[in-house]
Amino acid sequence: MAGIRIAISLAVLTGHALAVNNGLARTPQMGWNNWNALGCDVSESLLLDTSKTLVNSGLRDVGYNYVVLDDCWSDGRDEKDFLKVDMKKFPSGMKSVADEIHREGMLFGMYSSAGEMTCARYAGSLDYETNDAISFASWDVDYLKYDNCYHMGRFGTPKLSFDRYKVMADALNATGRPMLYSLCNWGEDYSHTWGMSIANSWRMSGDIYDSFSRPDDLCPCSNAADPHCIAPGSHCSVMNIVNRVAVYADRGQPGGWNDLDMLEVGNGGMTDDEYKAHFSLWAGLKSPLLMGNDLRTLSANALTILNNPAVIAINQDPEGRSITRVRRETDAAPDKYGAGEIQVWSGYLYGGDQVVILLNAGGKDTKISASLAEIFLHEGPEGSAPQVQEEWDVYDLWANRMDTDLAQKILDADTADLPKLFKEANWYNSTEISYKEGLKKNDPRLLGKKTGKIAPGGSLTVKVDKHSAEMFRLRSVGTGGKRKVHSKDEL
Ligand SMILES: *[C@@H]1O[C@H](CO)[C@@H](O)[C@H](O)[C@H]1NC(C)=O
Ligand SMILES: *[C@@H]1O[C@H](CO)[C@@H](O)[C@H](O)[C@H]1NC(C)=O
């Protein structure tokens with residue numbers, strides 16, 4: 001009892017919930033995972049080549065620092081019930097892979113499932129949690145993605161799922177090695193209500209697929225954002241996931257995040273505009289940003305989406321507050337699948353700035369207008385927020401997107417020529433200056449391009465092409481971004 005009382009009063013004193021408490025994911029994790037592009041086609045060389053590309057493309061230094069190996073790496077259990085590494089795929093063993101990735105200045109993630117088997121039917125970790133956590137720690141693993149396949153029926157209530165996932169949380173903790181715990185139970189059993197207590201992130205939907213809005217039978221839990229959804233599924237479009245997370249977008253906070261699943265940027269199923277919209281929304285919703293494309297064939301186009309520091313700065317904002325949806329109109333011009341909608345998202349940022357995303361998921365280019373009263377709805381409804389009476393500078397977060405030719409030069413360059421090219425590109429280096437420091441210093445690369453103003457009581461009006469989003473940072477002219485921050489959490 002005394003212990004419980006102390007825990008509660010500590011939570012009150014420090015102003016945030018006592019959660020997984022491993023000190024990780026104070027901002028959403030960033031990195032790369034092989035699954036979306038490569039599935040089971042994993043190997044030591046894939047991970048090492050990808051690590052080199054992460055460094056040489058500059059992507060490590062805009063923040064993508066976890067290299068995560070997904071399913072299909074193991075080869076049964078040994079006589080003491082420890083997982084065996086597939087030595088054909090990983091001839092040097094996992095510890096050696098981890099060492100290499102660490103030498104490149106990055107962190108190493110692995111995968112298992114809270115079931116008797118993983119989703120691709122390799123040995124699962126259910127009832128072997130202690131052994132497997134010990135293995136991960138002994139290989140110097142920094143991150144565990146923990147899936148939900150073959151769970152032996154141990155789900156159906158929040159308590160059953162919570163208990164099953166907590167066993168691994170405790171086993172990871174008991175190793176003494178901080179490992180980011182990425183819970184992947186597809187949003188079943190209201191994981192957005194309890195994921196925070198044991199994990200650094202929790203998936204809230206079925207698996208993403210590389211489509212912006214195509215409905216699919218394998219992702220049956222559609223727009224209703226129904227938390228009772230029976231089959232979260234595997235072919236979930238960007239719009240499906242966005243519409244599901246909208247009702248609990250605010251559940252993420254430093255240390256634990258809604259996970260909207262890995263990015264599809266660069267995989268080929270969406271247009272450039274759709275990928276920009278996908279990336280903008282994931283950033284604003286404070287989802288982990290795990291690239292899901294094959295970096296060995298990274299295109300210049302994809303690079304200039306993934307490396308935009310003004311958008312990443314929204315994701316890595318020290319306040320750690322997700323955007324929320326302030327308007328949804330479902331009667332916009334239908335797209336090729338017959339649905340069409342317009343959405344306005346808005347969120348509070350460090351220093352009193354505000355991010356706004358205008359999303360046109362309809363089939364026709366259109367003008368979207370959002371009033372300050374709407375944009376600041378969460379600071380006071382019906383136009384009552386004091387911010388509505390201020391004048392705002394508008395910064396377009398995509399206007400300074402890197403030129404594709406320069407990106408191509410970086411991708412083609414010899415290592416020796418890279419420093420000069422990164423300089424020419426005015427590359428934001430978050431390894432040297434964190435996003436928080438950069439924001440404190442008003443680094444122009446994090447602000448985008450000033451494109452206009454909103455007068456007190458006014459509106460932001462922008463043409464938004466079909467299947468695309470525009471993304472802005474608003475900064476009060478009066479306070480020059482120096483407003484007192486809300487959070488007591490010194491990050
Ligand atoms: C970023 O800074 C680190 C540390 O100074 C340096 O090693 C790295 O090469 C820089 N990266 C880029 C893309 O400039
Ligand atoms: C284990 O949990 C305790 C209590 O929440 C925490 O203080 C500690 O940092 C955790 N250790 C690791 C390695 O996660």
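Residues numbered from 1 in each chain as written. Chains lettered and ligands numbered in written order. Predicted model: local features only at pLDDT ≥ 70, side-chain atom pairs only at ≥ 80, totals over all residues. Heavy atoms only, no water.

- The name an unreviewed UniProt entry gives the chain is Alpha-galactosidase, with Cadophora malorum as the organism.
- If you open the UniProt record of the chain and go to Subcellular location (unreviewed entry), you find "Secreted".
- You can read under Sequence similarities (unreviewed entry) in the UniProt record for the chain the words "Belongs to the glycosyl hydrolase 27 family." (UniProt positions renumbered as here; feature names shortened; annotations may be inferred.)

1. What about the overall build of the chain?
Now for step 1: A count of helices and strands for the chain gives 16 helices and 18 strands.
Now for step 2: Relative to the compact-globule value of 23 Å for 491 residues, the chain shows a C-alpha radius of gyration of 22 Å, a close match.
Now for step 3: Per-residue burial for the chain yields a buried fraction of 57% across its 491 residues.
Now for step 4: Taking all contacts inside the chain whose residues are at least 6 apart in sequence as the whole, residues at least 24 apart take part in 73%.
Now for step 5: Carbon together with sulfur atoms contributes 52% to the accessible area of the chain, which is approximately 19,600 Å² in total.
Now for step 6: Both charge centroids of the chain, one from 51 positive and one from 66 negative side chains, sit 5 Å from each other. (Helix = DSSP H or I, 4+ residues; strand = E, 2+ residues; numbered from the N terminus. Rg over C-alpha atoms; globule rule 2.2 N^0.38 Å. Buried < 20%, exposed > 50% of the residue type's maximum accessible area, 1.4 Å probe, protein only. Contact = heavy atoms within 4.5 Å. Areas by Shrake-Rupley, 256 points an atom, 1.4 Å probe, with all protein chains shown as cover. Lys, Arg positive; Asp, Glu negative; His and termini not counted. Charge placed at Lys NZ, Arg CZ, Asp CG, Glu CD.)

2. Re helix α4 (residues 94–103)
Now for step 1: All of the buried residues in α4 are Met-94, Val-97, Ala-98 and Ile-101. Considered in projection along α4, the buried side chains sweep an arc of 100° and stay on one side of the axis.
Now for step 2: The secondary structure elements touched by the buried residues of α4 are α3 (44–56), β2 (66–68), β4 (83–85) and β5 (107–113). (Arc of directions from axis to C-beta.)

3. A few points about the site of ligand 1
Now for step 1: Every residue lining ligand 1 is accounted for by Asp-61, Phe-422, Trp-427, Asn-429 and Glu-432.
Now for step 2: Here Asp-61 contributes a side-chain N or O atom positioned 2.6 Å from a nitrogen atom of ligand 1.
Now for step 3: One of the side-chain nitrogen or oxygen atoms of Asn-429 is found 2.3 Å away from an oxygen atom of ligand 1.
Now for step 4: Against a free-state accessible area of 360 Å², the protein chains account for coverage of 58% of ligand 1. (Near = heavy atom within 4 Å. Polar contact = N/O pair within 3.5 Å; in protein donor to acceptor, adjacent residues only side chain to side chain.)

4. Quick notes on empty space enclosed by the protein
Now for step 1: Counted according to the given criterion, the structure contains three cavities of 30 Å³ or more.
Now for step 2: Looking at the lining of the largest cavity residue by residue, the class counts come to five nonpolar, two polar and four charged. (1 Å grid on protein atoms, 1.4 Å probe; cavity = no way out; pocket = protein on both sides within 12 Å on 5 of 7 lines; lining within 4 Å. Points joined across faces, edges and corners; volume = space filled by probe spheres on them. Nonpolar A, V, L, I, M, F, W, Y, C, P; charged D, E, K, R; others polar.)

5. Notes on the packing of aromatic side chains
Now for step 1: Applying the stated criterion across every chain, the model contains twelve aromatic pairs.
Now for step 2: Aromatic side chains Tyr-165 and Trp-194 sit 6.4 Å apart centroid to centroid with 35° between the ring planes, which places their arrangement in the tilted category. Residue Tyr-165 is found in helix α6 (residues 158–174), and its partner Trp-194 is found in helix α7 (residues 191–198); the two are separated by 29 residues along the sequence.
Now for step 3: Grouping aromatic residues by their ring pairs yields a cluster made of Tyr-146, Phe-162, Tyr-165, Tyr-181 and Trp-194. (Phe/Tyr/Trp six-rings, centres within 6.5 Å; stacked < 30°, edge-to-face > 60°.)

6. A closer look at the sheet that holds strand β8 (residues 201–203)
Now for step 1: Read from one edge of the open sheet, eight strands run β9-β8-β7-β6-β5-β2-β1-β10, paired in parallel fashion. Each having just a single partner strand, β9 (257–259) and β10 (289–291) make up the two edges of the open sheet. Averaged over all pairs of adjacent strands, the angle between strand axes in this sheet comes to 25°, irrespective of strand direction. (Pairing = 2+ DSSP bridges. Axes fitted to C-alpha atoms, helices over the stretch in contact; angles between N-to-C directions.)

7. Looking at the pairing of strand β13 (residues 354–360)
Now for step 1: Where burial is concerned, most of β13 is hidden: seven out of the seven residues are buried.
Now for step 2: Burial along β13 is two-sided: the residues Gln-354, Val-356, Leu-358 and Asn-360 and Val-355, Ile-357 and Leu-359 are all buried.
Now for step 3: With seven bridges connecting them, strand β12 (residues 342–348) and β13 associate as antiparallel partners. Opposite Val-344, over in β13, you have Leu-358 as the bridge partner.
Now for step 4: Counted between consecutive antiparallel strands, the loop separating β12 from β13 contains five residues, among which Gly-351 sits at a positive phi close to 80°.
Now for step 5: The sheet contact formed by β13 and strand β18 (residues 468–476) spans seven bridges and is antiparallel. By the bridge assignment for β18, Val-355 is matched with Arg-473.

8. Quick look at the state of the cysteines
Now for step 1: A full pass over the atoms with the stated rule returns three disulfides.
Now for step 2: At a sulfur-sulfur separation of 1.9 Å, the disulfide partner of Cys-119 is Cys-149. Disulfide Cys-119-Cys-149: torsion about the S-S bond near 95°, hence right-handed. Separated by 30 residues along the polypeptide, Cys-119 in the loop between β5 and α5 (129–138) and Cys-149 in the loop between β6 (143–147) and α6 bring together distant segments of the chain.
Now for step 3: Residue Cys-119 is classed as partly exposed on the basis of its relative accessible area, which comes to 28%.
Now for step 4: One disulfide in the model links Cys-219 with Cys-236; its S-S distance is 2.2 Å. Taking the sign of the torsion about the S-S bond as the criterion, the disulfide between Cys-219 and Cys-236, at about 100°, is right-handed. Of this pair, Cys-219 sits in the loop between β8 and α8 (238–245) while Cys-236 sits in the loop between β8 and α8, and the two are 17 residues apart along the sequence.
Now for step 5: Cysteine Cys-184 is unpaired, with the sulfur of Cys-119 as its nearest cysteine sulfur at 6.9 Å. (Disulfide = S-S within 2.5 Å.)

9. Describing the nonpolar core
Now for step 1: Residues Leu-59, Tyr-64, Trp-73, Phe-108, Phe-279, Trp-282 and Trp-345 are the most contacted members of the largest nonpolar core, which totals 111 residues.
Now for step 2: Sequence-distant contacts of Trp-282, that is, excluding residues within four places in its chain, are made with Ile-208, Val-238, Ile-241, Val-242, Leu-260, Asp-261, Leu-263, Ser-287, Pro-288, Leu-289 and Asn-315.
Now for step 3: In terms of nonpolar packing, the next biggest core, distinct from the first, is built from 21 residues, Val-344, Leu-372, Phe-376 and Val-462 among them. (Core = buried A, V, L, I, M, F, W, Y, C linked by side-chain atoms within 4.5 Å.)

10. With respect to the layout of surface pockets
Now for step 1: Roughly 550 Å³ of internal volume is contained in the largest pocket.
Now for step 2: Taken together, 23 residues line the largest pocket, and the ones lying closest to its centre are Thr-27, Gly-63, Asn-65, Gln-316 and Tyr-435.
Now for step 3: Among the residues making up the lining of the largest pocket, the classes are represented as ten nonpolar, ten polar and three charged.

11. Remarks on the site of ligand 2
Now for step 1: Around ligand 2 lies a shell formed by Asn-21, Asn-22, Asn-173, Gly-176, Arg-177 and Pro-178.
Now for step 2: Take Asn-173: an N or O atom from its side chain is 2.3 Å from an oxygen atom of ligand 2.
Now for step 3: Relative to its unbound accessible surface of 370 Å², ligand 2 loses 55% to contact with the protein.

12. Points about the sheet that holds strand β11 (residues 324–329)
Now for step 1: Spatially, β11-β12-β13-β18-β15-β16 is the arrangement adopted by the six strands of the open sheet, whose pairing is antiparallel. Only two strands of the sheet have a single neighbouring strand rather than two, namely β11 and β16 (449–454). On average, each strand axis in the sheet is tilted by 25° relative to the strand beside it, whichever way the strands run.
Now for step 2: Relative to β16, strand β15 (residues 392–396) runs antiparallel, the two being bridged by five bridges. Looking at the pairing, Trp-392 lines up with Ile-454 of β16.
Now for step 3: Relative to the sheet, α8 contacts β11, β12 and β13, its axis offset from that of β12 by approximately 55°.
Now for step 4: Sheet strands in contact with helix α9 (residues 272–284) are β12, β13 and β18, and its direction is about 45° off that of β18.

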